[in-house]
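A closer look at the structure
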Amino acid sequence: MTDAQETAEDTALRTTGGGPPDDVDSAPIPLLEPHEGIPPVVADADALAAVVAAFAAGTGPVAVDAERASGYRYGQRAYLVQLRREGAGTALIDPVGCPDLSALGKAVTDAEWVLHAATQDLPCLREIGMTPTRLFDTELAGRLAGFARVGLGAMVENVLGYALEKGHSAVDWSTRPLPEPWLRYAALDVELLVDLRDALEEELDRQGKLDWARQEFDAIASAPPPPPRKDPWRRTSGMHKVRRRRQMAVVREMWTARDLIAQRRDVSPGKVLGDGAIVEAALNMPPNAQALAALPGFGNRMSRKQLEQWQSAVERAKALPESELPQPGQPLAGPPPPRAWADKDPVAAARLSAARAAVSELAERLTMPQENLITPDTVRRLCWEPPRVATSDTVAEILSSHGARAWQVEQVTPILVKALGETAV
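Reading guide: rules and limits
Residues numbered from 1 in each chain as written. Predicted model: local features only at pLDDT ≥ 70, side-chain atom pairs only at ≥ 80, totals over all residues. Heavy atoms only, no water. 1 Å grid on protein atoms, 1.4 Å probe; cavity = no way out; pocket = protein on both sides within 12 Å on 5 of 7 lines; lining within 4 Å. Points joined across faces, edges and corners; volume = space filled by probe spheres on them. Nonpolar A, V, L, I, M, F, W, Y, C, P; charged D, E, K, R; others polar. Helix = DSSP H or I, 4+ residues; strand = E, 2+ residues; numbered from the N terminus. UniProt positions renumbered as here; feature names shortened; annotations may be inferred. Axes fitted to C-alpha atoms, helices over the stretch in contact; angles between N-to-C directions. Parallel < 35°, antiparallel > 145°, perpendicular 65-115°, else oblique. Contact = heavy atoms within 4.5 Å. Pairing = 2+ DSSP bridges.

1. Details of empty space enclosed by the protein
Summed over the entire model, instances satisfying the criterion amount to 2 cavities of 30 Å³ or more. The wall of the second largest cavity is formed by Arg149, Gly153, Ala154, Glu157, Asn158 and Lys166. Its residues assigned to classes, the lining of the second largest cavity comprises 1 nonpolar, 2 polar and 3 charged.

2. Here we look at the layout of surface pockets
As a volume, the largest pocket reaches approximately 700 Å³. Together, 29 residues line the largest pocket, and Thr119, Ala219, Ile220, Ala223 and Arg405 are the ones closest to its centre. Secondary-structure elements contributing two or more residues to the lining of the largest pocket are α5 (118-127), α6 (138-145), α10 (210-222) and α18 (370-373). Looking at the lining of the largest pocket residue by residue, the class counts come to 14 nonpolar, 8 polar and 7 charged. Roughly 560 Å³ of volume is contained in the second largest pocket. Together, 26 residues line the second largest pocket, and Asp65, Glu67, Ser169, Tyr185 and Asp189 are the ones closest to its centre. Here the residues of the lining of the second largest pocket are counted per class, giving 12 nonpolar, 7 polar and 7 charged.

3. Quick look at the UniProt feature "domain: HRDC" (unreviewed entry) in the protein chain
Sites flagged by UniProt as "domain: HRDC" (unreviewed entry) map to residues 244-324. A helix fraction of 69% and a strand fraction of 0% characterise residues 244-324, whose end C-alpha atoms lie 13 Å from each other.

4. Quick notes on the packing of helix α9 (residues 193-206) against α10
Running from amino to carboxyl end, α9 crosses α10 at an angle of 125°, the nearest separation of the two axes being 7 Å. Comparing the axis directions of α9 and α10 gives the class oblique. Residues Glu201, Leu204 and Asp205 of α9 touch α10, and the partners they reach there are Leu210, Ala213 and Arg214. Residues of the contact of α9 with α10, tallied by class, amount to 3 nonpolar, no polar and 3 charged.

5. Let's talk about the environment of Leu101
In this structure, Leu101 sits in the loop between β4 (89-93) and α4 (102-107). Considered as a pair, Leu101 and Glu127 are 26 residues apart in the sequence and their alpha carbons are 9.2 Å apart. Among all residues touching Leu101, those that are not within four sequence positions of it are Leu48, Val81, Ile93, Ile128, Gly129 and Met130.

6. Things to note about the sheet that holds β4
With mixed pairing, 6 strands are arranged side by side in an open sheet as β1-β4-β3-β2-β5-β6. This sheet does not close on itself; its edge strands, each paired only once, are β1 (41-42) and β6 (134-137). As paired strands, strand β2 (residues 59-68) and strand β5 (residues 112-115) are joined by 2 bridges and run parallel to one another. By the bridge assignment, Val62 is partnered in β5 with Trp113. Lying on the sheet, α6 is in contact with β5 and β6; it crosses β6 at an angle near 55°.

Shown next as C-alpha cells:
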C-alpha cells in the first residue's frame, strides 16, 4: 500500500458515509501517471509471445481489463485488452491483430485475475480464449464493503488517493491506430487495480465480509456463459406501446432485418435504424414507402432503396397468417410482476412487502445494496411459492435452489422465516 492510500479508519469513514477528515478533502488529489509510460500495442505473434513469456514469469495477481466498441460496432467483442502483473509490467494487446489469446490465458491460469465489474468483461475475454479460474472483482468488493460510488475512478480516488484520467470510456475502441491519449487512459485502468484489490481485501476483512466476497467471486468465475436471449426483438425500446399482434410482427420483421444489416456491416444496430423508428412503423402500419418516409426516424437522408427495404419488412408482417403472429407476451418462467400481486394473490403481496422491508433493513445494517445481499428475483420466487411450513431448513433450501450463496442464505434466512411467519394465513 502506497503513502497516498488512506488509512483503514479513513476508508471506514467513507464506507459508512461518514466522510473523510477535512484535511483529506482539502488536499489536492494527484493525477495518476503510468509508471513505465505507455507500452507499445501488441498486434503480432512475435510480440504476443514475448508478453506471454513475461506474464508467465511474473508473480502475484494479474490486473485485467478490456475495451469494447459498444454503440459503434456489432456485438460486444474486445478491441483492446490491458494486463498488468508484478515482474511483467503493463501490456496493451490488440485482439484484432491477435485474435487468439488462449496462450496468454494459460500462462496466467493459476493466478488470481483482478477485474473491475468482471461480468461486463468476461464474455468478450472468453471469446478470445481468456477465462479465469480465480478472480477478485473490485467493483463488487466495493459494493459489499458499502461504498456509495463504485466506479473505478471513484474507487481509486476514495481508496488510494489518486485521480484517474476521464473522458475516453465511451469512445470507439475499434479505431485504428488508437490515439495515444486513449492508450494512456487504457494503461491507467490497470495501473493500480492490484493495489485497489489489496486495500479492499483489507477493508472487507475488517468488516467481516471477506469470506462473503470470496464466495461471490467464486460464483462469477464458475458461472457458465448465459444462454442466448429468447426473442430479443421484444426488448426493443418503446415496445410497451405495441399492443396488437400484427404490430408486434412488424417489430419482429424490422428488428430481424436491421440485425442482419448491422451484422453484415459490423456496426451497432442503432446506427442502422433506431428503436423509435421501428416502433413508429409498427404503430402506423404504413401502406407504402412514401408513407413510411413521413414517420419519425425515417427522415430525409434515407434513400429510396433503404425506405423500400424497411417497407418490405412491414409488408412481410402484414402478409403473415394469424397462426404465425407473435403472442402478446412471453410466458413467465417465474412469478408475475409485483404490481399484479395485490389483485392476483393479496396474501402473497403481503408476504413480499414484509420480506422486502426485512431485507432492506438488514442491507442497511450491513451497509451494502439490497440486491447484493439477496437478489430481488429470489425473494419474489420465495414469497410467491413459499414452503408449506416456513422453517430455517425449508427457506434455506429454496434460497439455495435459486442460486443464493451460503453467506446470503445464512444472513437472510432468519429474517425471511420471520417475515413469512408474520404474514401466514
